[in-house]
Amino acid sequence: MPAPTLLFYCRNGFENDVRQEWQGRYAASGSWEAGEGYALLHAEAQVDAAAWHASNWIFARQVLAVLGRVQLGERDRLGPIVDALASVARPGRWSEVWLEHPDSDAGKPLSGFCKRFAPIVAQALSERGWLAPEGKGPRLHLFFPAQSEAILAEADPEQASPWPLGVPRVRMPTGAPSRSTLKLAEAFMTLVPDADTLLKPGMVGVDLGAAPGGWTFQLVARGLKVFAIDNGPMKGDMALHPHVKHLREDGFRYRPKNPVDWLVCDMVEQPARVAQLIADWFSRGHTRHAVFNLKLPMKKRWSEIERCFGILEAALDRTELRYTLTAKQLYHDREEITCYLGLTRSAQAKRRR
Ligand SMILES: C[S@@+](CC[C@H](N)C(=O)[O-])C[C@H]1O[C@@H](n2cnc3c(N)ncnc32)[C@H](O)[C@@H]1O
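Residues numbered from 1 in each chain as written. Predicted model: local features only at pLDDT ≥ 70, side-chain atom pairs only at ≥ 80, totals over all residues. Heavy atoms only, no water.

So, the sheet that holds strand 4 (residues 60-71)
Rules: Two strands make a pair as long as DSSP finds a minimum of two bridges between them. Helix and strand definitions follow DSSP, with helices as H or I runs of at least four residues and strands as E runs of at least two, each counted in order from the N terminus. In this analysis, axes come from line fits to C-alpha atoms, helices being fitted only over the stretch in contact, and the angle between any two N-to-C directions falls in the range 0 to 180 degrees.
Ordered in space as 2-3-1-4-7-6-5, the seven strands form an open sheet in which the pairing is mixed. The open sheet terminates on both sides in strands that have one partner only, identified here as strand 2 (30-34) and strand 5 (96-100). With direction set aside, neighbouring strand axes in the sheet form an average angle of 30°.

What follows is the structure, given as structure tokens:
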């Protein structure tokens, strides 16, 4: 099999971080092409199986295997795409087809075009017998960096991000006191394995840097009782809610009297200092699960992430604790990433993704 070309979707401006992450994790060579909100890797050898799982990536939202690239005329866009696909198609090869564009200023205006063009493409593929909606085949992605070019790619739906553009849809909940609430909601959807069973009514959580209360809102909405730590004021319902105890204390010094189920932390601080704090909570048995943000520097972001993970792993490796550590630059994150660290009973211990 020839070495693959991979297409990554990412936040606009973070294409180089995808490359750094690739080099940091897989140390494999290849040549890179970066657009705005996406990057292409022409690998020189077969790719580590773990790299195909979008959930393993921090900076990449989606990972696809490139099948080909076509230039499109203004009059006939369908013809060149069908012709290019004909060389790789076979009956029922794809379970569905998605039309996508980069998440960038240049890419967003293509959203309407993709929506209008999608049923036309799907019909053309169905007529040729290439789509098998009931099948378990890969999903075909037509990615348009511009209306004049399509990158044809595919992914195993079991490994790829399940959301178009790799962006989960999270609705702003009524009554939430800040838009940051969307970050924690997205983290529960994407980062925390089985969040619905790990977050249960009656559990206790601590929110460090809680004000005005967007993250606390998410915990309360799942039935948790929350200690909200911040010198600033909580707002709206979170200022008065019977399940919220607001403590005006320093989030770095506060420790709970009894162990809690969940710790969340959104304090704007040096990432290594936050990592040290989280490591301390786990080493001392104060919590079993944590979601926290690491605000990244403008440069050398990957090496800062490695440093922070090193702090967490070194602390946990000194204990007998088994854990899962996952991280992602969420759609609602900017110059930061969000991490989940959770203790696990499974035999597959000390796993980092
Ligand atoms: C980004 S905001 C948190 C937003 C919150 N997660 C939400 O969803 O509404 C950061 C908060 O961290 C608080 N903060 C920063 N340093 C802190 C510290 N050492 N102790 C407690 N709170 C701190 C700030 O007062 C600020 O309210």
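Topic: the side chain of Glu-304
For clarity, the threshold we go by: Here, two residues are considered to be in contact whenever any of their heavy atoms come within 4.5 Å of each other.
In this structure, Glu-304 sits in helix 8 (residues 301-317). With near-sequence residues (within four places) excluded, Glu-304 lies in contact with Pro-271, Ala-272 and Pro-297.

Regarding helix 7 (residues 271-283)
Note: α-helices contain 3.6 residues per turn, so residues at a spacing of three or four share the same orientation. To keep things clear, this is the line we draw: Take the number of residues in a helix, subtract one, and multiply by 1.5 Å to get its expected span. Only protein chains enter the calculation, and the probe is 1.4 Å; a residue is then buried if its accessible area is under 20% of its type maximum, exposed if over 50%, and partly exposed in between.
Compared with the 18 Å implied by 1.5 Å per residue over 13 residues, the 18 Å span of helix 7 between its first and last C-alpha is a close match. Of all the 13 residues making up helix 7, ten are buried; the element is thus mostly covered by neighbouring parts of the structure. Regarding helix 7, the residues found buried are Pro-271, Ala-272, Val-274, Ala-275, Leu-277, Ile-278, Ala-279, Asp-280, Trp-281 and Phe-282. On its buried side, helix 7 packs onto strand 8 (204-208), strand 11 (262-265), strand 12 (289-295), helix 8 and strand 14 (336-343). Downstream of helix 7 by one or two residues, Gly-285 has phi in the positive range, about 70°.

A word on the packing of helix 7 against helix 8
Which entries qualify depends on this criterion: If an angle is under 35 degrees, it is roughly parallel; if it is over 145, roughly antiparallel; if it lies from 65 to 115, roughly perpendicular; otherwise it is oblique. In this scheme the handedness of a crossing depends on how the near helix is turned from the far one: anticlockwise by less than a right angle means left-handed, clockwise means right-handed. Ten residues, namely Ala, Val, Leu, Ile, Met, Phe, Trp, Tyr, Cys and Pro, are considered nonpolar, four, namely Asp, Glu, Lys and Arg, are considered charged, and the remaining ones, Gly among them, are considered polar.
At a minimum axis separation of 9 Å, helix 7 and helix 8 run at an interaxial angle of 15°. Classified by the angle their axes make, helix 7 and helix 8 are roughly parallel. Crossing of helix 7 against helix 8: the hand is right-handed. From helix 7, Pro-271, Ala-272, Ala-275, Gln-276, Ile-278, Ala-279, Phe-282 and Ser-283 reach across to helix 8, where they touch Glu-304, Arg-307, Cys-308, Ile-311, Leu-312, Ala-315 and Leu-316. Taken together, the residues of the contact of helix 7 with helix 8 break down into eleven nonpolar, two polar and two charged.

Re the site of the ligand
Which entries qualify depends on this criterion: Any residue with a heavy atom lying within 4 Å of a molecule or strand is counted as near it. Throughout this description, a polar contact denotes any pair of N or O atoms lying within 3.5 Å of each other; where both atoms belong to protein, one of them has to be capable of donating a hydrogen while the other can accept it, and for residues adjacent in sequence the pair is counted only when both atoms sit in side chains. Shrake-Rupley sampling with a 1.4 Å probe provides the accessible areas, and residues are treated as covered by the protein chains on show and by no other component.
Looking at the ligand, there are 16 residues lining it, with Ser-178, Gly-214, Asp-230, Gly-251 and Asp-266 nearest. For the ligand, an oxygen atom lies 3.4 Å from a polar atom in the backbone of Pro-212. Within the backbone of Gly-214, one N or O atom sits 2.9 Å away from an oxygen atom of the ligand. Across the complex, the protein chains shield 75% of the 600 Å² of accessible surface that the ligand would expose by itself. Partitioned by chemical class, the residues of the shell around the ligand number six nonpolar, six polar and four charged.

Let's talk about unusual backbone geometry
Trans is the common state for peptide bonds, and a negative phi is the common state for residues other than glycine. Of note, the bond from Ala-211 into Pro-212 is cis; its omega dihedral lies within 30 degrees of zero at 0°. The topology assignment puts Pro-212 in the loop between strand 8 and helix 6 (214-221). In the Ramachandran plot, Asp-194 falls in the positive-phi region, its phi being about 65° despite a non-glycine side chain. Secondary-structure assignment places Asp-194 in the loop between helix 4 (181-190) and helix 5 (195-198). Take Asp-194: its relative accessible area is 52%, and that puts it in the exposed class. Phi is positive for Lys-300, which is not a glycine, with a value near 50°. You can see Lys-300 is positioned in the loop between strand 12 and helix 8.

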